[in-house]
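Tertiary structure, described
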Amino acid sequence: MASDVSIANRALTKLGADRILLLTDETQAARTINSMYADVRDAEIQRYNWKFSIKRTSLSALVAAPAWGYDYQYPLPADYLGLVQVGEYYARSLYNKTAPWSVEGGLILTNLEAPLKLRYKARIENAAMFDPLFVEVFACKLAMEACETLTQSASKFDAVSQGYKFALSEAARQDAIENPPDEYPWGTWLDSREAD
């Protein structure tokens, strides 16, 4: 089971640096990792749809409507890092279409009525909940971010960068094996391929 310190030590080991006992140790390695740990963790969770971080909720609309453009506004959850799905609309499936919502100032603005069903990427602070493959990706990214400060080595940065890319590909491959793909709604491209 992962912990913040075990992940930090995994990153430090990749750099050939000394291990730490606590993130608050009075060493350069601990100070460096501690200064970036939460930001790098949140960025890596936000970057991909990690299954351990996806949550579902139903949001109630705020009493006040947006100033213009939409009929309703909903407050985002406190642990929100990114959208996966709003109602029946998947965020990833709308690249060439206008989404029926806008995320602005900690709110979702939309014409969709309450309760608004939402799947989102959540901030997960408990390292014991991390997927083992995420732990490897996260440790590699921490090593990349700390490399200049702790090693000043371009070759070490290249090595951990390659490790990061490999860890990401392994995580994506395992996710594809374990989980069925999300069912995206049919769109004009798919509809045109089904036409007789």
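You'll find the structure just up there.
Presented here is a report on the structure given in the accompanying data block. (Residues numbered from 1 in each chain as written. Predicted model: local features only at pLDDT ≥ 70, side-chain atom pairs only at ≥ 80, totals over all residues. Heavy atoms only, no water.)

1. Quick look at helix H1 (residues 4-14)
Rules: Only protein chains enter the accessibility calculation, which uses a 1.4 Å probe; a residue is then buried when its area is under 20% of its type maximum, exposed when over 50%, and partly exposed in between. Strands are runs of DSSP state E lasting at least two residues, helices are runs of H or I lasting at least four, and both sets are numbered from the N terminus onward. Here a residue-residue contact requires only that any non-hydrogen atoms of the pair lie within 4.5 Å.
When H1 is considered as a whole, its buried residues turn out to be Ile 7, Ala 8, Asn 9, Ala 11 and Leu 12. Taken together, the buried residues of H1 touch helix H2 (28-47) and helix H3 (132-150). Directly beyond the C-terminal end of H1, a positive phi value near 75° is found at Gly 16.

2. Digging into the packing of aromatic side chains
Put simply, the test is: Whether two aromatic rings pair depends on their centres lying within 6.5 Å, for rings of Phe, Tyr and Trp, where Trp uses its six-membered ring; planes under 30 degrees apart make the pair stacked, over 60 edge-to-face, and the rest tilted. Lysine and arginine charges are scored as sitting over a ring when NZ or CZ, respectively, is within 6 Å of the ring centre and within 35 degrees of the ring normal.
Tallied over the entire structure, the rule returns 11 aromatic pairs. Between Tyr 72 and Tyr 74, the aromatic rings sit 6.5 Å apart at their centres with planes inclined by 40°, giving tilted as the arrangement. Given the relative accessible area of 27%, Tyr 72 is considered partly exposed. By relative accessible area, Tyr 74 is classed as buried at 0%. The cationic tip of Lys 141 hangs over the ring face of Tyr 164; the distance from NZ or CZ to the ring centre is 4.9 Å.

3. What about the sheet that holds strand E1 (residues 54-59)?
The line we're drawing: Criterion used throughout: strands pair if DSSP finds at least two bridges between them. Lines are fitted to the C-alpha atoms to define the axes, a helix being fitted only along its stretch in contact, and any angle between axes, read from their N-to-C directions, falls within 0 to 180 degrees.
In spatial order, the strands read E1-E7-E3-E4; together these four strands make up an open sheet with antiparallel pairing. Across the chains shown, the open sheet's two edge strands, defined by having one partner strand only, are E1 and strand E4 (89-90). Sitting on the sheet, H2 is in contact with strand E3 (80-86) and strand E7 (116-122), with an inclination near 130° to E7.

4. Brief notes about the pattern of salt bridges
Our working definition: Each salt bridge in this description consists of a side-chain nitrogen of Lys or Arg and a carboxyl oxygen of Asp or Glu lying within 4 Å of one another.
The final tally for this structure, using the stated rule, is eight salt bridges. Across the pair Arg 10 and Glu 136 runs a salt bridge whose closest N-O atoms are separated by 2.5 Å. Placement of the pair is Arg 10 in helix H1 and Glu 136 in helix H3, with a sequence separation of 126 residues. The exposure class of Arg 10 is partly exposed, given its relative accessible area of 40%. Overall, the relative accessible area of 19% leaves Glu 136 in the buried class. Arg 47 serves as the salt-bridge partner of Glu 44, at 2.1 Å between the closest nitrogen and oxygen.

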